[in-house]
Amino acid sequence: MTQLSRRKLIVSGLAATAGVTGLGVAAYLADKYGLVPPDHGGLYGPGETLTYATQRLLTRHSLAREFSRSQISKPLPNEMPPLRDEFKRFEAAGFTDWRLSVEGLVDQPTSFSVAQIKSYPSRTHITEIACEEGWSYIAEWIGTPLSHVLNLVGVQSHARYVVYYSIDPEWWESMDMADALHPQTLLAYGMNGEELPVGFGGPLRMRLPRQLGYKNVKFINRLVITDNLKRFGKGLGSAAPEAGYAWYAGI
Amino acid sequence: MATLGSAPTSVDASLPTAIPVAPITVAPRHALLVRITHWIFTLSFFALLVTGIEILISHPRFYWGETGNVLTKAMFQIPIPSSRTLVQTGYGYVLPDQNGWSRALHFQAGWVAVLTGLLYALYGLFAGHFRKHLLPTKADLSWRSLSAAVASHLRFARPTAAEAHSYNVLQRLAYLFVIFVLLPLVIWTGLAMSLAFASVFPWSVTLLGGRQSARTLHFFASMALLLFLLVHLVMIFLAGFGSRTGTMITGRVRQTKERP
């Protein structure tokens, strides 16, 4: 072949080598800086990883949009499976014996009552909750920043995720430390100036306004701090990817 | 050998004229990069369209402003059953829910489409593709030239042989509108629906009038793109599906008429 195509061949060869090396370096750095989601395998893994990595780099400290009191909408409870008898017993007792246990990579595993959670400094934000189906509403959320509780129990430095469980064993999720320490991430117990109604997740709901509705798990009673999500469920990070949905729901 | 971006070369004068001369090599009708990005984009657009419709089915109601849900008055509703029980569509049955993989594929195809589009746009800007092939000339934009083009389209006149080598003024305007208006709008409105993206660029939502406005505009822009695709396909069929599609694959304009 001609000189030109040989040169082309060499250049493409070098470009391909650089490309593969670049990908390797990118994969190493992405893992090191926590830019790879737990559900990165499979057919749609590349897309999930690109989205999570890009948004994590962009949004580590950004605040979800907040609204004025006049923009609060008539709220819409999302669909829920029927409440279990166990839950109904807690509800009948006014949730006085409801506990939130915090365990895993913490210095002091602790079990909190709802009253204890409510006694800590609270934060209120008027934010939009959006469902992956497309609908949304704005409400005022009142709660204790998750970071406050994490500081109380002393999260160890190598912790990477907070796994959170609903009383319904089929509903559990997890978030990375960027979201867990984010000032708007609340253990919410109030809504629109009142107690958080059961239909909206009372007595305690995890509220992350930068992720879709399904990450905002209702009836929270257990947190596990970990550095490895492989040990939970099928190892995909949470119940959502096991049902075919993305672990990261910032989009 | 025809290479990317090579100028038309004439037959070497020193060749013995007795030997049958191979077809004159010219610059391809469509540059290699245009052809590759065209087909990757075609695939990703198809994936985005199908999965977008799947996602829409889970809530076929549209709103204007910041919020919207079944307790809110809809701006309009697509008359189809929903894939979720939350929306009372009046059809009495619920379609299978396909949102999980649809969302994953929608975003993955979105990445492919956007990255391919960026590559194409950079090429278009720096290789002169936009300027040379898509920007209409002053003469093209004259009232007479425009009305002649519209009239010939309204007659469904088959394009002349010369038109196989360049775009007419209506094509140019349509392509420019898609590349510089519809596609940026569909990307913007799509990103504005991301809660995390909106936390960094809140103006990207407020400028559109709110989250639900962004969703509605995303739907309108997608429908406009679908309309463009349908017209594009009709035009290709009118001009000769085999030859035009072949040209977008090989880059060469077939000289002979297609066999019936």
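Above this text is the structure in question.
Position labels on residues start from 1 in each chain and follow its written sequence. Starting at A for chains and at 1 for ligands, labels are handed out in the order in which the entities are written. Thresholds applied to this predicted model are a pLDDT of at least 70 for local features of residues and 80 or more for the giving and counting of side-chain atom pairs; totals over whole chains, interfaces and linings are not thresholded and use all residues. Calculation of side-chain values draws on the structure's entire complement of heavy atoms; hydrogens and water are dropped beforehand.

Draft legend 1. Representation of the interface of chain A and chain B in the model. Contacts were defined at the residue level, with two residues in contact if any of their heavy atoms lie within 4.5 Å. Each partner contributes residues to the interface: chain A has 41 residues there, and chain B has 37 residues. The quantity reported as buried area is the accessible area (1.4 Å probe) lost by two parts once they are put together, taken as the sum for both. With both sides pooled, the region where chain A packs onto chain B buries about 3400 Å², and carbon together with sulfur makes up 59% of that total. Contact with chain B buries surface across chain A, with A:Tyr44, A:Arg65 and A:Glu133 losing the most and accounting together for 21% of the total. The salt bridge criterion pairs a side-chain nitrogen of Lys or Arg with a carboxyl oxygen of Asp or Glu, the two atoms within 4 Å. For the pair chain A and chain B, the interface holds three salt bridges. The partner of A:Glu133 in a salt bridge is B:Arg84, with the nearest N and O atoms 2.4 Å apart. Distance and chemistry together define a polar contact, namely a pair of N or O atoms within 3.5 Å, with one atom able to donate a hydrogen and the other to accept it when in protein, and with adjacent residues in sequence counting only for side-chain atoms on both sides. Where chain A touches chain B, the interface holds 19 residue pairs in polar contact (both at pLDDT 80 or more). Mapped onto the side of chain A that touches chain B, the elements with two or more residues apiece are helix H2 (45–59), strand E3 (123–130) and strand E4 (136–145) of chain A. Working definition: helices are DSSP H or I runs of at least four residues, strands are E runs of at least two. Numbering for both runs from the N terminus. Take the side of chain A that touches chain B: its biggest share by element is 10 residues, from H2(A). Charged residues are taken to be Asp, Glu, Lys and Arg, nonpolar residues to be Ala, Val, Leu, Ile, Met, Phe, Trp, Tyr, Cys and Pro, and polar residues to be all remaining types, Gly included. Here the side of chain A that touches chain B is built from residues that sort into 19 nonpolar, 13 polar and nine charged.

Draft legend 2. Representation of empty space enclosed by the protein in the model. Each cavity reported here is a set of points on a 1 Å grid over the protein atoms alone in which a 1.4 Å probe fits but cannot get out, each pocket an open set with protein on both sides within 12 Å along at least five of seven lines, and each lining residue one with an atom within 4 Å of a point. Grid points are joined across faces, edges and corners, and a volume is the space filled by probe spheres set on the points. Scanning all chains against the criterion turns up two cavities of 30 Å³ or more. If you go around the largest cavity, the residues you meet are A:Ala64, A:Arg65, A:Phe67, A:Thr127, A:Glu128, A:Pro209, B:Ala192, B:Leu195, B:Ala198, B:Ser199, B:Val205 and B:Arg211. Elements represented by at least two residues in the lining of the largest cavity include exactly E3 of chain A together with helix H6 (195–200) of chain B. Element by element, the count of residues in the lining of the largest cavity is highest for H6(B), at three residues. Broken down by class, the residue content of the lining of the largest cavity amounts to seven nonpolar, two polar and three charged. Computed from the structure, the second largest cavity encloses a volume of approximately 80 Å³. Along the walls of the second largest cavity sit A:Glu48, A:Thr51, A:Gly244, A:Tyr245, A:Ala246, A:Tyr248, A:Ile251, B:Asn99, B:Gly100, B:Arg103, B:Ala104 and B:Phe107, which together make up its complete lining. Secondary-structure elements contributing two or more residues to the lining of the second largest cavity are H2 of chain A together with helix H2 (99–126) of chain B. Take the lining of the second largest cavity: its biggest share by element is five residues, from H2(B).

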